[in-house]
Amino acid sequence: MLDFVFITLIFFEIILTTLCIIKIIEIEEKVKMIHNKLILTFNMILTINKQIKSTITKINKVVSFITNKKLIKISQIIKITVDIVQIIILIRSLNLSKGLKSINYKNIKKLLLIETSRRILRKILMAL
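A few points on the structure.

Topic: the overall build of the protein
1) Next: Scanning the protein from N- to C-terminus turns up 3 helices and 0 strands.
2) Next: Counting helices and strands in the order they occur from the N terminus, the protein gives α-α-α.
3) Next: Carbon and sulfur atoms provide 74% of the accessible area of the protein, an area that totals close to 12,200 Å².

Okay, structure coming up:
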């Protein structure tokens, strides 16, 4: 009787090991498929990364040009010269030798329009 039990146990062990091996082989095939998919996605990610890197370098060049200190100084000089020109036009329009009648209101209106539009544009650009 004991021999019969051992023989059946050996038989069950052989069956179980073959089933385990079959399942392991199936899972190994699935792992290989997933590995191939991962390699493909990795290659896609690398190409996308290269494209993004190139666009970021272009954007960095533009930003570095905008934030260039020389460019900022040039823009400040231009602002100061525009202000000086506006003051000169205002002083020329305020010829008070003949009284209040000689004031050129058209130039004052132009100066006010230019100054308000400049301030509005500056606020809009700062808000962005």
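Quick notes on the pattern of salt bridges
1) Next: By the definition in use, this model includes 1 salt bridge.
2) Next: Salt-bridge contacts for Lys23 lead to Glu26; the nearest nitrogen and oxygen are separated by 3.7 Å. One end of the pair, Lys23, and the other, Glu26, are both in helix H1 (residues 2-66), 3 residues apart, so they sit about a helical turn from each other.
3) Next: A relative accessible area of 37% places Glu26 in the partly exposed class.

Brief notes about a nonpolar patch on the surface
1) Next: A contiguous nonpolar patch, built from Met1, Leu2, Phe4, Val5, Phe6 and Leu9 and spanning about 680 Å² of accessible area, is present on the exposed surface.
2) Next: A relative accessible area of 33% places Val5 in the partly exposed class.

A word on the packing of aromatic side chains
1) Next: Within the structure shown, the criterion is met by 1 aromatic pair.
2) Next: Relative to Phe12, the ring of Phe11 has its centre 6.4 Å away and its plane inclined at 50°; by these criteria the two rings are tilted. Each member of the pair, Phe11 together with Phe12, is exposed.

Definitions and limits used
- Residues numbered from 1 in each chain as written.
- Predicted model: local features only at pLDDT ≥ 70, side-chain atom pairs only at ≥ 80, totals over all residues.
- Heavy atoms only, no water.
- Helix = DSSP H or I, 4+ residues; strand = E, 2+ residues; numbered from the N terminus.
- Areas by Shrake-Rupley, 256 points an atom, 1.4 Å probe, with all protein chains shown as cover.
- Salt bridge = Lys/Arg side-chain N within 4 Å of Asp/Glu carboxyl O.
- Buried < 20%, exposed > 50% of the residue type's maximum accessible area, 1.4 Å probe, protein only.
- Patch = residues over 30% accessible without salt bridge, like charges linked within 9 Å, V, L, I, M, F, W, Y side chains within 5 Å.
- Phe/Tyr/Trp six-rings, centres within 6.5 Å; stacked < 30°, edge-to-face > 60°.

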